[in-house]
Amino acid sequence: MIKLWKKERWLLVPCPDYDVAAMEAWLEQQAQKGLFLSAENGFFLGFACFEVGSPKHVRYRLDVIPKEKVFADFPENKASAIELAQEMGWEFVTERGVFLVYRCMDDTLPELNTDPAVQAMSLKRIQSTLSNRIFLTFWYFFLYPVLSFALRFPAVLLSVLTAGTLRICVLLFLTIVELTGAVRDWRRLRKLRNHLQAGGRIEHTPENPGWTKRSVAEKIAHPILTALWIALLISFVVKTGNPSRSTPADLSASPIPAASSFLTLPQADAGERDELTLLSRSDLLAQGNIYTLEERAGSFRYDAEYYDMRTPWLAKWLADDFARYDARGIFSSRTYRITSLDLPALDADTAYCYFLHDTRRGHYWGHRVIVQKSCKVVSADIWWTYDSDFPAETIARALLAAISE
């Protein structure tokens, strides 16, 4: 028996579950330092608990936990497997995943179950777990967030700009890093299984310091990347606060014209300005700031967005995306009818004008005017409930003049 003192030490496990040889070598190396795996606490959340004692040469072995559905030819249960190992002189210590951990101090004791076919079958269970990890990583880290936005914003470029290009790039980077680690582990495990199925055996070699350092780095990086991913998702949906109201003087720095600068509203609303908000933000795909202007005057509503993209084809793509968003996004053609309005010939690369009607509730849902020229795009969402005709040409020319300067 190993003489132990009532002193414990927790160490980060540097080996993945499937790397039997590395785990055994690492445990043996700790024993030579006077650290022996605790039978009471064992493994917890990627850490191993060791009890302090006198340094000794100890052999550790990992044996698979018998499972009836998988090991149909081996009907012994876990209790009988432990009893059999103890009869052979091996001390049962604890469990880790699908493995039972044994140790002994006698170099002459025979090995435990060394049938490569049995070992390969045990690794198959871990390989299935890794396959699930690959799928879940891709789903939760990338596919699920992307689909969540795509269902609301089916226009790809508009979705990226809405979420933020930098956030999307970070999300994609986290996905690639996590998927790369999962796929690498899966391939290593498959290689080991093929080796065992071909009649090879697990070689009990000394611990590889390079592999240990790399594994520890991966184990430390994984929770950090996961926390970063969670924070990133929260940032998609949480607003930092309500924007403060702006004054007409604040519009001097904005390329978006206020509606009051080119529209004459009915007397009832002309002098009743109750909200004017100008917001700006930056994005990797835009040359300058992206501006959003919200203006309210009585029943009149004017929401405009301005983008100065890095290339004309991105600007064209974005202008088309605004129209696609209205046609196939929340404003689905199954419940909303889009009626296009004619515009005169404009010196613009792209121009759209239409209004939306809620066919389910039977009421008007606003006008949209979109103008794009070169690298600049401006889209205005306007709530026009007056008896007079919608001034489509006036608004389109005012927006075009703003992006032509």
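Worth saying up front: this structure is predicted, and the values here are computed from it rather than measured. (Residues numbered from 1 in each chain as written. Predicted model: local features only at pLDDT ≥ 70, side-chain atom pairs only at ≥ 80, totals over all residues. Heavy atoms only, no water.)

1. Topic: the environment of Phe138
If you trace the backbone, Phe138 turns up in helix α3 (residues 116–152). A relative accessible area of 34% places Phe138 in the partly exposed class. (Helix = DSSP H or I, 4+ residues; strand = E, 2+ residues; numbered from the N terminus. Buried < 20%, exposed > 50% of the residue type's maximum accessible area, 1.4 Å probe, protein only.)

2. Here's the deal with the sheet that holds strand β6 (residues 91–96)
Pairing is antiparallel in the open sheet, where 3 strands are placed in the order β5-β7-β6. The two strands at the open ends of the sheet, each matched to only one other strand, are β5 (59–64) and β6. Put simply, the sheet's adjacent strands are angled 30° from each other on average, direction ignored. Relative to strand β7 (residues 99–104), β5 runs antiparallel, the two being bridged by 6 bridges. Looking at β7, one finds that Tyr60 is bridged to Arg103. Relative to β5, helix α1 (residues 20–32) is tilted by about 150°, and along the sheet it contacts β5, β6 and β7. Those strands touched by helix α2 (residues 78–87) are β6 and β7, and its axis lies near 15° from that of β7. (Pairing = 2+ DSSP bridges. Axes fitted to C-alpha atoms, helices over the stretch in contact; angles between N-to-C directions. Contact = heavy atoms within 4.5 Å.)

3. So, the side chain of Arg368
When you line up the elements, Arg368 lands in strand β13 (residues 363–373). Residue class for Arg368 comes out buried when judged on its relative accessible area of 8%. Among the polar contacts listed, one links the side chain of Arg368 to the side chain of Ser379, at a separation of 3.1 Å. (Polar contact = N/O pair within 3.5 Å; in protein donor to acceptor, adjacent residues only side chain to side chain.)

4. Brief notes about the packing of aromatic side chains
One pass over the structure, following the stated rule, counts 10 aromatic pairs. Ring centres of Phe262 and Tyr302 lie 6.1 Å apart, and the angle between their planes is 70°; on these two criteria the pair is classed as edge-to-face. Residue Phe262 is found in the loop between α6 (209–237) and α7 (267–270), and its partner Tyr302 is found in strand β10 (residues 300–308); the two are separated by 40 residues along the sequence. Note on accessibility: Phe262 and Tyr302 belong to one class, buried. On the numbers, 6.5 Å between centres and 75° between planes, the contact of Trp365 with Trp383 is edge-to-face. Placement of the pair is Trp365 in strand β13 and Trp383 in strand β14 (residues 376–383), with a sequence separation of 18 residues. On the basis of relative accessibility, which here comes to 29%, the residue Trp365 falls in the partly exposed class. An aromatic cluster of at least three residues, connected via ring pairs, comprises Phe300, Trp384, Tyr386 and Phe390. (Phe/Tyr/Trp six-rings, centres within 6.5 Å; stacked < 30°, edge-to-face > 60°.)

5. Things to note about the nonpolar core
Grouped together as the largest cluster of nonpolar side chains are 32 residues, with contacts concentrated most on Phe300 and Tyr302. Breaking this core down by element, the ones donating at least two residues are β8 (273–281), β9 (290–297), β10, β13, β14 and α9 (392–404). With 7 residues, the single largest contributor to this core is α9. Met23, Phe50, Val52 and Val93 belong to the second largest nonpolar core, which has 22 residues in total. (Core = buried A, V, L, I, M, F, W, Y, C linked by side-chain atoms within 4.5 Å.)

6. Quick notes on the pairing of β6
Looking at chain direction, β6 and β7 are connected through 5 bridges and run antiparallel. Looking at the pairing, Glu91 lines up with Arg103 of β7.

7. Side note on helix α4 (residues 156–163)
Counting buried positions over the 8 residues of α4 gives 6, a clear majority of the element. Among all positions of α4, only Leu157, Leu158, Ser159, Val160, Leu161 and Ala163 are buried. After α4 finishes, the residue Gly164 shows a positive phi value of roughly 105°.

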